[in-house]
Amino acid sequence: MAISSAQLRGYLLEESLAWLMRHSGYELLVDSGQDPDELSMHGSELRVRGRGTTHQVDVLGEFACTPAFSLPVRLFVEAKYQNRRCGLDVVRNAHGVLADVNQNFIARADGRPRRRFQYCYALFSASGFSSEAEAFAIAHQISLVDLSMPAFAWLLRAISECAERLRDA
């Protein structure tokens, strides 16, 4: 089965964001063995347990420093490398994921409460966001990063060129 250039671009964007997180004070969570209470694997896909279901994550990191009197921070990162702007549906999904994982109060089998985290969400888009998506994200404290801005042109160009070379190889 051949992989498309679009799929390669998406994967390379995810890997670029994972590199950025590792070099910004986050420990990457890539395997359920790192936290069997919160994380699970579905094939090769990492999932985070919520109150109602598990949620696939593109990149997940735990910030190395926990602020005093608060929960450790974990950051969901979702990467969208598409030809269209991300709409309200994508940001609503992010809000639903956050609500579900931050409301997960299940105790361990021995009755002790399990460790809790404050999950946050950052959504990166190569094509930007609709105005409705931006308004909803601001209202619900979801970070949006518009990679279609000129400052990120070099990154998208490098990812596209690399994807084409890999595809041709």
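Scope of this entry: the structure provided in the associated data block. As the structure is a computational prediction, the values presented were derived from the model and not from experiment.

A look at the packing of helix H2 (residues 88-102) against helix H3 (residues 131-139)
So, step 1. At their nearest, the axes of H2 and H3 sit 8 Å apart, and the two run at 20 degrees to each other. Classified by the angle their axes make, H2 and H3 are roughly parallel. The way H2 lies across H3 gives a crossing that is right-handed. Side by side, H2 and H3 meet where Leu 88, Val 91, Arg 92 and His 95 of the first sit next to Glu 132, Ala 133, Phe 136 and Ala 137 of the second.
So, step 2. Among the residues forming the contact of H2 with H3, the class breakdown is 5 nonpolar, 1 polar and 2 charged.

A word on the side chain of Ser 127
So, step 1. Inspection of the secondary structure puts Ser 127 in the loop between strand E7 (118-125) and H3.
So, step 2. Residue Ser 127 is classed as buried on the basis of its relative accessible area, which comes to 18%.
So, step 3. Polar contacts involving the side chain of Ser 127 include one to the main-chain carbonyl oxygen of Gln 82, which spans 2.3 Å.
So, step 4. Setting aside chain neighbours within four positions, we find Ser 127 in contact with Gln 82, Asn 83, Arg 84, Arg 85, Asp 146 and Ser 148.

Let's talk about the nonpolar core
So, step 1. By size, the foremost hydrophobic cluster in this structure holds 23 residues, and its most contacted members are Val 48, Leu 60, Phe 76, Val 91, Tyr 119, Tyr 121 and Ile 142.
So, step 2. Secondary structure elements with two or more residues in this core: strand E3 (45-49), H2, E7 and H3.
So, step 3. Here the element with the most residues in this core is H2; it accounts for 6 residues.
So, step 4. Those residues in contact with Val 91, other than ones at most four positions away along the chain, are Leu 123, Ala 133, Phe 136, Ala 137, Ile 142 and Leu 144.
So, step 5. Formed by 21 residues, the second largest nonpolar core is a distinct cluster that contains Leu 8, Met 21, Val 59 and Ala 79.

Observations concerning the layout of surface pockets
So, step 1. The computed volume of the largest pocket comes to approximately 330 Å³.
So, step 2. If you trace the largest pocket, you find 17 residues lining it, with Glu 14, Glu 15, Val 57, Asp 58 and Val 59 closest to the centre.
So, step 3. At the level of elements, helix H1 (5-22), E3 and strand E5 (59-63) are the ones that each hand at least two residues to the lining of the largest pocket.
So, step 4. The element contributing the most residues to the lining of the largest pocket is H1, with 5 residues.
So, step 5. Of the voids in this model, the second largest pocket is the one considered here, and its volume is about 180 Å³.
So, step 6. In terms of lining residues, the second largest pocket is bounded by Ser 16, Leu 17, Trp 19, Leu 20, Phe 124, Leu 147, Phe 152, Trp 154 and Leu 155.

The rules behind each value
- Residue positions are given per chain, counting from 1 as you read along its sequence in written order.
- Two thresholds apply to this predicted model, a pLDDT of at least 70 for residue-level local features and 80 or more for giving and counting side-chain atom pairs, whereas whole-chain, interface and lining totals are computed over all residues.
- Hydrogen atoms and water are omitted, and side-chain values are computed over all heavy atoms in the structure.
- Between N-to-C directions, angles cover 0 to 180 degrees, with each direction set by a line fitted to C-alpha atoms, over the stretch in contact for helices.
- Each helix is a run of H or I in the DSSP string that is no shorter than four residues. Each strand is a run of E no shorter than two, and both are numbered from the N terminus.
- Note on terminology: angles under 35 degrees are roughly parallel, angles over 145 are roughly antiparallel, angles of 65 to 115 are roughly perpendicular, and the others are oblique.
- Two helices cross in a left-handed way if the nearer one is turned anticlockwise from the farther one by less than a right angle. They cross in a right-handed way if the turn is clockwise.
- Note on contacts: a residue pair qualifies if any of its non-hydrogen atoms lie within 4.5 Å across the two residues.
- Classes in brief: Ala, Val, Leu, Ile, Met, Phe, Trp, Tyr, Cys and Pro nonpolar; Asp, Glu, Lys and Arg charged; the others, Gly included, polar.
- Exposure is judged per residue with a 1.4 Å probe applied to protein chains only, and the accessible area is read against the type maximum: over 50% gives exposed, under 20% gives buried, and values in between give partly exposed.
- Under this definition, polar contacts are N or O atom pairs within 3.5 Å; protein pairs additionally need one hydrogen-donor-capable and one acceptor-capable atom, and for neighbouring residues in sequence, both atoms have to be side-chain atoms.
- Grouping buried Ala, Val, Leu, Ile, Met, Phe, Trp, Tyr and Cys residues that are joined through side-chain atoms within 4.5 Å yields what is termed a nonpolar core.
- Grid points spaced at 1 Å and placed over the protein atoms alone form the basis of the search, with a cavity being a set where a 1.4 Å probe fits but cannot get out and a pocket an open set showing protein on both sides within 12 Å along at least five of seven lines. Lining residues have an atom within 4 Å of a point.
- Grid points are joined across faces, edges and corners, and a volume is the space filled by probe spheres set on the points.

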